[in-house]
Amino acid sequence: QVQLVESGGRLAQAGGSLRLSCAASGRTFSSYAMGWFRQAPGKEREFVAAISWSGGTYYADSVKGRFTISRDNVKNTVYLQMNSLKPEDTAVYYCAARSNGVVTSPTRYAYWGQGTQVTVSS
């Protein structure tokens, strides 16, 4: 069982930066693939970024070059560094975990945090 708690979401200006954190409980965190997803009002939850247990990273085209996912297996935490923010990045951001390899479909992730709101003003 893995419990996830996101933090770091807030109001930011377009062009600015934010860093989201996701703290995980559980002794097997280092073996999990971790993902960040987001959901804007009236839209489906979409893949943003993911990182494998070995550190391999994957990004949605819409955030490639602007966002960076990383993990600290000592602190049981995964991060999402968000630079050059755009108003279209506004959404609730969710952290998710799965015990196998990285996938981009949210339905394949077993564990989810409660979400953190990111709002980017123009």
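Rules of the game
- Residues numbered from 1 in each chain as written.
- Predicted model: local features only at pLDDT ≥ 70, side-chain atom pairs only at ≥ 80, totals over all residues.
- Heavy atoms only, no water.
- Phe/Tyr/Trp six-rings, centres within 6.5 Å; stacked < 30°, edge-to-face > 60°.
- Helix = DSSP H or I, 4+ residues; strand = E, 2+ residues; numbered from the N terminus.
- Buried < 20%, exposed > 50% of the residue type's maximum accessible area, 1.4 Å probe, protein only.
- Lys NZ or Arg CZ within 6 Å of the ring centre and 35° of its normal.
- Pairing = 2+ DSSP bridges.

A. Broad picture of the packing of aromatic side chains. What the rule picks out here adds up to 6 aromatic pairs. Taking 6.1 Å as the distance between ring centres and 65 degrees as the angle between the ring planes, the aromatic pair formed by Tyr-32 and Tyr-111 counts as edge-to-face. With Tyr-32 in the loop between strand 3 (18–24) and strand 4 (33–39) and Tyr-111 in strand 10 (residues 111–112), this residue pair connects regions lying 79 residues apart in the sequence. Aromatic pair Phe-37 and Trp-112: ring centres 5.1 Å apart, planes at 55 degrees, arrangement tilted. Taken together, the residues Phe-37 in strand 4 and Trp-112 in strand 10 connect sequence positions 75 residues apart. Given the relative accessible area of 0%, Phe-37 is considered buried. Of the residues examined, Trp-112 reaches a relative accessible area of 27% and is grouped as partly exposed. In textbook terms, an aromatic cluster arises when at least three aromatic residues are bridged by ring pairs, as seen for Phe-37, Phe-47, Tyr-94, Tyr-109 and Trp-112. If you follow Arg-45 out to its NZ or CZ, it ends over the ring of Tyr-94, 3.7 Å from the centre. Arg-98 extends its terminal NZ or CZ atom over the ring of Tyr-109, reaching a point 5.9 Å from the ring centre.

B. Region of interest: the pairing of strand 3. The element strand 3 is largely enclosed, with a buried count of 5 among its 7 residues. Bridge analysis of strand 1 (residues 4–7) against strand 3 gives 4 bridges, and the strand direction is antiparallel. Following the sheet pairing, Leu-4 is matched in strand 3 by Ala-24. In this structure, strand 3 lies alongside strand 8 (residues 77–82), joined through 6 bridges in antiparallel fashion. Residue pairing in the sheet places Cys-22 in a bridge with Val-78 of strand 8.

Shape descriptors only; they carry no functional weight alone.
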